[in-house]
Amino acid sequence: LLPRNKQLNMKNIISALTILVTAITSINAQERMVVPGTKISMIAPKDFTAATSFSGFQHTTTNSTIMIIVLPGPFDQIASGINEENLRKAGVTISSKTDTIHQGQKAIWVRGTQNLYNITFSKAILVFGDSNRTIMVNIAFPINQKALAPVMYRSALSVNYNEDQRKRGDHNER
C-alpha cells in the first residue's frame, strides 16, 4: 500500500488519464470531410456545416467560418503577398506571422483581427503549397467566441490536399 498522499496523487493521475483518453477518442471519432468543390479534406469542428456560398464550413449561430481557397500558382509568390500592408488594405490587423511546415510543405500561419459588420473577428490564415498551387485556410470567429479558437485552429491544421481526390460541388478549382 502507498502512503495516503501518494494514493491521492495516483487517483489524480488516473483521473487525468481518463479525461485525456476521452478527449483523444472524441477527436479521433470526428470524421474527415471533403470540402465541396476542392481536393481538400478536413475535420470540421462540431456543429459546423458545409457552407453554401463558399468552399468551407460555417457555424451560423456564432458567425464563424472556415473558408478554403485553392489558388493556381506557386506558394512562394502568393505567400510573399500575404503581408501587413496587403492585409491592412483588406481590413486585417496582423498580430503574428509565423513560417512553418504543413503536410511537408512550406507554410505560413497569420493571426490577427478584422472588423466586419460592426463585429470584431479573430482571424487566422494558414497558407501552404508548392510550385503549382497554394491553399489558403481562412478562419474567422467573433472575438467574444474565444472558446472556438483551439477547435478552429485544430480544424485548420487538419486540412489535407489530395491531388487524386475527386472533387464534389462546384465552388473552387474547376
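Before any of the text, the structure's been laid out above.
Residues numbered from 1 in each chain as written. Predicted model: local features only at pLDDT ≥ 70, side-chain atom pairs only at ≥ 80, totals over all residues. Heavy atoms only, no water.

Student: What is the right way to look at the sheet that holds strand S6 (residues 92-102) in this model?
Tutor: Paired through their backbone hydrogen bonds, the strands of a sheet run either parallel or antiparallel. Ordered by their spatial adjacency, 7 strands build an open sheet running S3-S4-S5-S9-S8-S7-S6, and the pairing between neighbours is antiparallel. Two strands in the sheet have a free side with no partner beyond their single neighbour: strand S3 (49-50) and S6. The pairing of S3 with strand S4 (residues 56-59) spans 2 bridges and is antiparallel. What sits directly across from Ala-50, in S4, is Phe-57. Sheet strands touched by helix H4 (residues 148-157): strand S5 (64-72), S6, strand S7 (105-116), strand S8 (119-129) and strand S9 (133-142). Its angle to S9, the strand with the most contacts, is close to 170°. (Pairing = 2+ DSSP bridges. Helix = DSSP H or I, 4+ residues; strand = E, 2+ residues; numbered from the N terminus. Contact = heavy atoms within 4.5 Å. Axes fitted to C-alpha atoms, helices over the stretch in contact; angles between N-to-C directions.)

Student: Where do I start with the packing of aromatic side chains in this structure?
Tutor: Both the distance between ring centres and the angle between the ring planes are used here to describe each pair of aromatic rings. Tallying each qualifying case throughout the model produces 1 aromatic pair. Judged by centre distance (5.7 Å) and plane angle (80°), the ring pair of Trp-109 and Tyr-153 falls under edge-to-face. On the criterion of sequence distance, the pair formed by Trp-109 in strand S7 and Tyr-153 in helix H4 is long-range, its members being 44 residues apart. Here Trp-109 and Tyr-153 have matching classes, each one buried. Taking NZ or CZ as reference, Arg-111 lies 4.2 Å from the ring centre of Tyr-153, over its face. (Phe/Tyr/Trp six-rings, centres within 6.5 Å; stacked < 30°, edge-to-face > 60°. Buried < 20%, exposed > 50% of the residue type's maximum accessible area, 1.4 Å probe, protein only. Lys NZ or Arg CZ within 6 Å of the ring centre and 35° of its normal.)

This is a description of form; function is not addressed.
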